[in-house]
Amino acid sequence: MSRFKKSIFFVFTFFLFTFSCSAARKCDIEEQSKLNSEAVNIKANYEIRVRRFKVDNPPDELLGTPEADDYYAETDYFQINILNLTENMYAKVTNDYDDTELIYNYSDTKNGNVAIEWNYVMELTKFKIEIYSSDATGCEDSLLRTLYVSLPRYNDYSTYAVCEKVPDYYLCQRYVTYEHVDFSDFEKKIKNEIAKVEEEKKEEEENNIWYNKLLNFLDDNKVIIISIAVVLVVGAVVVVIVYKRRGDKNEKNN
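On to the state of the cysteines, then. What is meant by a disulfide is a covalent connection between two cysteines, made through their sulfur atoms. What the rule picks out here adds up to 2 disulfides. Each sulfur of the disulfide joining C27 and C139 lies 2.1 Å from the other. Because the sign of the S-S torsion sets the handedness, a value of about 110° for the bond joining C27 and C139 places this disulfide among the right-handed ones. With C27 in the loop between α1 (3-26) and α2 (29-40) and C139 in the loop between β6 (125-133) and β7 (143-151), the pair connects residues that are 112 residues apart, well separated along the chain. In this model C163 forms its disulfide with C172; the gap between the sulfur atoms is 2.0 Å. What sets the handedness of the C163 and C172 disulfide is the S-S torsion sign, and at about -80° it is left-handed.

Take a look at the structure:
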């Protein structure tokens, strides 16, 4: 290697080393601690929202009516929220449904908040949100925090008429957090649940019948019952008085 090339190499190495040391000095413990404190305030959650849109073909039952002209269809979607992002950070968002990778800088937010629309409501989806330090800091691209948001899935069984009999049953909920259940399993389990609910209802009705009979008996015989109660109370009072008087006489005789 010639002397000139060696000189160029050493100068390049010197500047590279100097730049690296300068960057390292900027990202010191104090800066890292400050960024970590900011990252703690970042939150993530989701909402189930409804989108309304105009359709050209309203349901047949509305055709020829005034409602047909103003008919809007509705569909659900998820909104994933990332809150409190600052200029010192950016978010990298991925999910386990597809290979999409989205980057959100502070300039992409509304006062530090990000709203991501997600239309695949039929599948369970888990979002991974990685928070990195931005180039506004001395610690650019340092991973500060990782958040996860797990989305439920829409359960189309919830619209089945049979679910009207057991609306609180877990297989009849509109949104669920378990994998799809085969229809044969759904049918078997829903029948068992309906039979269980009907049996409980029958037992409750029988208990109510017994309770009502008791109330009716007490109401029909309240005069007799009250009379017996008065006699018993009076008798008890008399007995107490008699025993008390006998006790007083025994004390005087002693």
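Right, let's get into the side chain of E193. Tracing the backbone shows E193 in helix α4 (residues 183-220). Buried charge E193 goes without a salt bridge, the closest partner of opposite sign being K196 at 4.7 Å. Those residues in contact with E193 that lie beyond four places of it in its chain are V166 and Y169.

Time to look at the environment of F78. Checked against the element boundaries, F78 lands in strand β2 (residues 72-83). A relative accessible area of 0% means that F78 is categorised as buried. Between the alpha carbons of F78 and R153 there is a distance of 9.9 Å; along the sequence they are 75 residues apart. When near neighbours in sequence (up to four residues on either side) are disregarded, F78 contacts Y46, E47, I48, I116, E117, W118, V121, L151, P152 and Y175.

Formed by 25 residues in total, the largest nonpolar core has its most connected members in I82 and I129. At the level of secondary structure, the elements contributing two or more residues to this core comprise α2, β2, β3 (89-95), β5 (114-118), β6 and β7. What I129 contacts, discounting residues up to four positions off in sequence, is A44, I80, I82, A91, K92, V93, R145, T146, L147 and V149. In terms of nonpolar packing, the next biggest core, distinct from the first, is built from 10 residues, Y157, V181, I190 and I194 among them.

Right, let's talk about α2 for a bit. The end-to-end C-alpha separation of α2 is 17 Å, in line with the 16 Å expected for 12 residues at 1.5 Å each. Along α2, the residues that are buried comprise L35, E38 and A39. End-on, the buried residues of α2 take up no more than an arc of 100°, which puts them together on one face. Within α2, the exposed residues directed more than 90 degrees away from the buried face are I29 and E30. On the buried face of α2, the contacting elements are β3, β6 and β7.

Turning our attention to a nonpolar patch on the surface. Taken together, the side chains of I224, I228 and L232 present a nonpolar region at the surface, about 310 Å² in accessible area. Considering the arrangement of structural elements, one finds L232 in helix α5 (residues 222-253).

With that settled, consider a negative patch on the surface. On the surface, E199, E200, E203 and E204 cluster together into a negatively charged patch. Assessed through its relative accessible area of 42%, E199 is described here as partly exposed.

As a further point, take the confidence of the model for the protein. Counting all residues, the mean pLDDT for the protein is 81, and 68% of those residues have values of 70 or more. Within the model, pLDDT remains below 50 along residues 3-25, and this stretch shows 2 contacts once partners closer than five positions in the same chain are excluded.

With that settled, the discussion passes to the sheet that holds β6. Reading across the sheet, the 4 strands line up as β4-β3-β6-β7 and stay open at both edges, with antiparallel pairing between neighbours. Across the chains shown, the open sheet's two edge strands, defined by having one partner strand only, are β4 (101-104) and β7. Direction aside, the axes of adjacent strands within the sheet are offset by 20° on average. Note that β3 and β4 share 4 bridges and pair antiparallel. Following the sheet pairing, V93 is matched in β4 by L102. Sheet strands touched by α2: β3, β6 and β7. Its angle to β7, the strand with the most contacts, is close to 15°.

With that out of the way, let us pick up the packing of aromatic side chains. Counting across every chain of the model gives 16 aromatic pairs. An angle of 65° between the planes, with centres 5.6 Å apart, marks the rings of F78 and Y175 as edge-to-face. A residue pair is termed long-range when its members are at least 10 positions apart, and F78 in strand β2 and Y175 in strand β9 (residues 175-176) qualify at 97 residues. As far as burial versus exposure is concerned, F78 and Y175 are alike and both buried. Summarising the aromatic geometry, the rings of Y157 and Y160 are spaced 5.3 Å apart at their centres and angled 80° between planes, so their arrangement reads as edge-to-face. Put simply, the rings of Y46, F78, Y154 and Y175 pair up and form one aromatic cluster. Residue placement shows R51 over the ring face of Y77; its charged tip is 4.1 Å from the ring centre. Sitting above the plane of the Y148 ring, K126 keeps its charged end 4.8 Å from the centroid.

Rules used throughout
- Residues numbered from 1 in each chain as written.
- Predicted model: local features only at pLDDT ≥ 70, side-chain atom pairs only at ≥ 80, totals over all residues.
- Heavy atoms only, no water.
- Disulfide = S-S within 2.5 Å.
- Helix = DSSP H or I, 4+ residues; strand = E, 2+ residues; numbered from the N terminus.
- Buried < 20%, exposed > 50% of the residue type's maximum accessible area, 1.4 Å probe, protein only.
- Lys, Arg positive; Asp, Glu negative; His and termini not counted.
- Salt bridge = Lys/Arg side-chain N within 4 Å of Asp/Glu carboxyl O.
- Contact = heavy atoms within 4.5 Å.
- Core = buried A, V, L, I, M, F, W, Y, C linked by side-chain atoms within 4.5 Å.
- Expected span 1.5 Å × (residues − 1).
- Arc of directions from axis to C-beta.
- Patch = residues over 30% accessible without salt bridge, like charges linked within 9 Å, V, L, I, M, F, W, Y side chains within 5 Å.
- Areas by Shrake-Rupley, 256 points an atom, 1.4 Å probe, with all protein chains shown as cover.
- Charge placed at Lys NZ, Arg CZ, Asp CG, Glu CD.
- pLDDT = per-residue confidence, 0-100.
- Pairing = 2+ DSSP bridges.
- Axes fitted to C-alpha atoms, helices over the stretch in contact; angles between N-to-C directions.
- Phe/Tyr/Trp six-rings, centres within 6.5 Å; stacked < 30°, edge-to-face > 60°.
- Lys NZ or Arg CZ within 6 Å of the ring centre and 35° of its normal.

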